[in-house]
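# Residue-level structure breakdown
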Amino acid sequence: MTRDITEEIKRLKEEKNAVILAHYYVRPEVQEIADYIGDSFYLSKLAVGLEAQTIVMCGVSFMGESVKILNPEKTVLLPDAAADCAMAHMASVETIEKMRNTWDDLEVVCYINSTAELKRHADVCVTSANAVKIVKALPNKNIFFIPDRNLARFVAEQAPEKHFVFNEGFCPVHEELKLQELQTLKAQHPEAEVLTHPECGEAVCRESDYIGSTSGIIAHAEASSAKEFIICTENGVRFELGKRCPEKKFYFTETEPVCGDMKLITLEKILHVLETGENEVLADPSMVEEAGKPLEEMLRLAK
Ligand code: 13P
Ligand code: SF4
């Protein structure tokens, strides 16, 4: 059955001149059939300059929106339009305006895990892979970082020359990662390196040997001489870690971090949108222009 679906997806991809992009958090069988797999930064960079006319974005809706805004002439399809990121909504335009009126010389830095509406009111976007570099490159001292308080804290620690105004958004999947479960794992595997996504809470970050984006975690595990790792991020990364480092061991906390929205993407849904063209991401020209600016600024500053 899976083989039939896979063959059918391949056939339709060719027929429709389509390409499949997938985030590391989606199901292994989806990563397996994707043309490109990566973290948010890689996928947004890659989307610009792809030749295919149709892009199937296997991830949550802000990822599809970003791809569309950066490539307005392309058809962008979401296998499940209901796959959303809770954190993407955890800031408000009113608060952005209030902060702009409160602080002079304020740069509104918007994590790419945000709605297009929030992006359109921001100055620059970042991902977890480039946030430190971009914030440090900004001429402004005052930074309003939305929506994630945890990534904001991590970046603020790396950029002490800046003054941060925090927003109280968070990723429910990463913030839920339990300190006590991590400590138990550390006691069981004292040789293991702890690799953590910056969306995790402060206490978990303090217990970590390395903090970085999804691709940073994978690259670190590959390059490290350690043989065992405790991975503090969504469990979908296990697939790429296993492919790249088959001889190494990876442990996750007892309550494994799972993003239910990322897991909504299935082979059947990919096939369905390729067949029907349903769930196309739409963006009006003003959204493309206004939300495109901070995204393009990110790509420029991250170079
Ligand atoms: P990265 O892809 O930047 O590591 O972000 C993780 C994430 O939560 C994506 O939704
Ligand atoms: Fe959003 Fe967290 Fe899921 Fe990433 S893991 S898509 S930040 S809810």
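The structure we're discussing is the one just above.
The following paragraphs examine the structure supplied in this document. Predicted model only: the values in this text are computed from it and were never measured.

## Focus: the overall build of the chain
- From N to C terminus, the chain includes 15 helices and twelve strands.
- By principal-axis analysis of the C-alpha atoms, the chain measures approximately 55 × 50 × 30 Å.
- For the chain, buried positions account for 58% of its 303 residues.
- Residue pairs in contact within the chain that sit at least 24 positions apart in sequence constitute 63% of those at least 6 positions apart.
- Across the chain, the 33 positively charged side chains and the 51 negatively charged ones have centroids separated by 4 Å.

## Topic: the site of ligand 1
- Near ligand 1 there are 14 residues, and of these H23, S40, S128, H197 and T214 occur at the shortest range.
- A distance of 2.7 Å is found between an oxygen atom of ligand 1 and a side-chain nitrogen or oxygen belonging to H23.
- Take E199: an N or O atom from its side chain is 3.1 Å from an oxygen atom of ligand 1.
- Isolated, ligand 1 exposes 300 Å² of accessible area, and the fraction of that covered by the protein chains is 97%.
- Counted by class, the shell around ligand 1 contains five nonpolar, seven polar and two charged residues.

## Things to note about the sheet that holds strand β11 (residues 228-232)
- The strand order β10-β9-β11-β12 describes an open sheet built from four strands, whose pairing is parallel. The strands lining the two open edges of the sheet, one partner per strand, are β10 (210-211) and β12 (249-251).
- Pairing of β11 with β12, which is carried by three bridges, proceeds in the parallel orientation. Along β12, the bridge assignment pairs I230 with Y251.
- Contacts from helix α12 (residues 214-223) reach β9 (193-196), β10, β11 and β12 within the one sheet, and its direction differs from that of β9 by about 160°.

## Considering the nonpolar core
- By size, the foremost hydrophobic cluster in this structure holds 99 residues, and its most contacted members are I9, L21, C58, F145, I231 and I270.
- The element that contributes the greatest number of residues to this core is helix α15 (residues 285-301), accounting for six residues.
- Not counting the four nearest positions on each side in its chain, F145 is found in contact with V109, Y111, V126, L151, A152, V155, F164, V165 and N167.
- Within the second largest apolar cluster, eleven residues are counted, among which are L177, V194, C232 and Y251.

## Points about the packing of α12 against helix α13 (residues 237-244)
- At a closest axis distance of 10 Å, the pairing of α12 and α13 adopts a crossing angle of 25°. In terms of orientation, α12 lies roughly parallel with respect to α13. The handedness of the crossing between α12 and α13 comes out as right-handed. Judged by residue contacts, T214, I218, A221 and E222 of α12 engage V237, E240, L241 and R244 from α13.

## Quick notes on α13
- Of the residues making up α13, those classed as buried are V237, F239, E240 and L241.
- Of the surrounding secondary structure, the elements contacted by the buried residues of α13 are α2 (28-33), β2 (36-38), α12, β11 and β12.

## Here we look at the packing of helix α4 (residues 61-70) against α15
- Viewed as axis vectors pointing N to C, α4 and α15 meet at an angle of 95°, and their least axial separation amounts to 9 Å. Here α15 runs roughly perpendicular to α4, going by the angle between their axes. Together, S66, I69 and L70 of α4 and M287, V288, A291, G292, L295, E296 and L299 of α15 make up the contact between the two elements.
- Looking at the contact of α4 with α15 residue by residue, the class counts come to seven nonpolar, two polar and one charged.

## Observations regarding the pattern of salt bridges
- Taken as a whole and judged by the stated rule, the model has 22 salt bridges.
- Where D80 meets K269, a salt bridge forms, and the shortest distance between an N and an O atom there is 2.8 Å. Residue D80 is found in the loop between β4 (75-77) and α5 (93-102), and its partner K269 is found in helix α14 (residues 267-276); the two are separated by 189 residues along the sequence.
- We classify D80 as buried; its relative accessible area is 13%.
- One network of salt bridges, with partners in common, ties together R153, E157, E202 and R206.

## Description of the pairing of strand β5 (residues 106-111)
- When you tally the buried positions in β5, you get six out of six residues, the bulk of the element.
- What you see with β5 is no split at all: L106, V108 and C110 on one side and E107, V109 and Y111 on the other are buried throughout.
- Judged from the five bridges that link them, β5 and strand β7 (residues 142-146) form a sheet pairing that is parallel. Residue pairing for β7: L106 is matched across the bridge by N142.
- Judged from the three bridges that link them, β5 and strand β6 (residues 124-126) form a sheet pairing that is parallel. When the sheet's bridge partners are listed, Y111 is paired in β6 with V126.

What counts as what
- Residues numbered from 1 in each chain as written.
- Chains lettered and ligands numbered in written order.
- Predicted model: local features only at pLDDT ≥ 70, side-chain atom pairs only at ≥ 80, totals over all residues.
- Heavy atoms only, no water.
- Helix = DSSP H or I, 4+ residues; strand = E, 2+ residues; numbered from the N terminus.
- Buried < 20%, exposed > 50% of the residue type's maximum accessible area, 1.4 Å probe, protein only.
- Contact = heavy atoms within 4.5 Å.
- Lys, Arg positive; Asp, Glu negative; His and termini not counted.
- Charge placed at Lys NZ, Arg CZ, Asp CG, Glu CD.
- Near = heavy atom within 4 Å.
- Polar contact = N/O pair within 3.5 Å; in protein donor to acceptor, adjacent residues only side chain to side chain.
- Areas by Shrake-Rupley, 256 points an atom, 1.4 Å probe, with all protein chains shown as cover.
- Nonpolar A, V, L, I, M, F, W, Y, C, P; charged D, E, K, R; others polar.
- Pairing = 2+ DSSP bridges.
- Axes fitted to C-alpha atoms, helices over the stretch in contact; angles between N-to-C directions.
- Core = buried A, V, L, I, M, F, W, Y, C linked by side-chain atoms within 4.5 Å.
- Parallel < 35°, antiparallel > 145°, perpendicular 65-115°, else oblique.
- Left-handed = near helix turned anticlockwise from the far one by under 90°.
- Salt bridge = Lys/Arg side-chain N within 4 Å of Asp/Glu carboxyl O.

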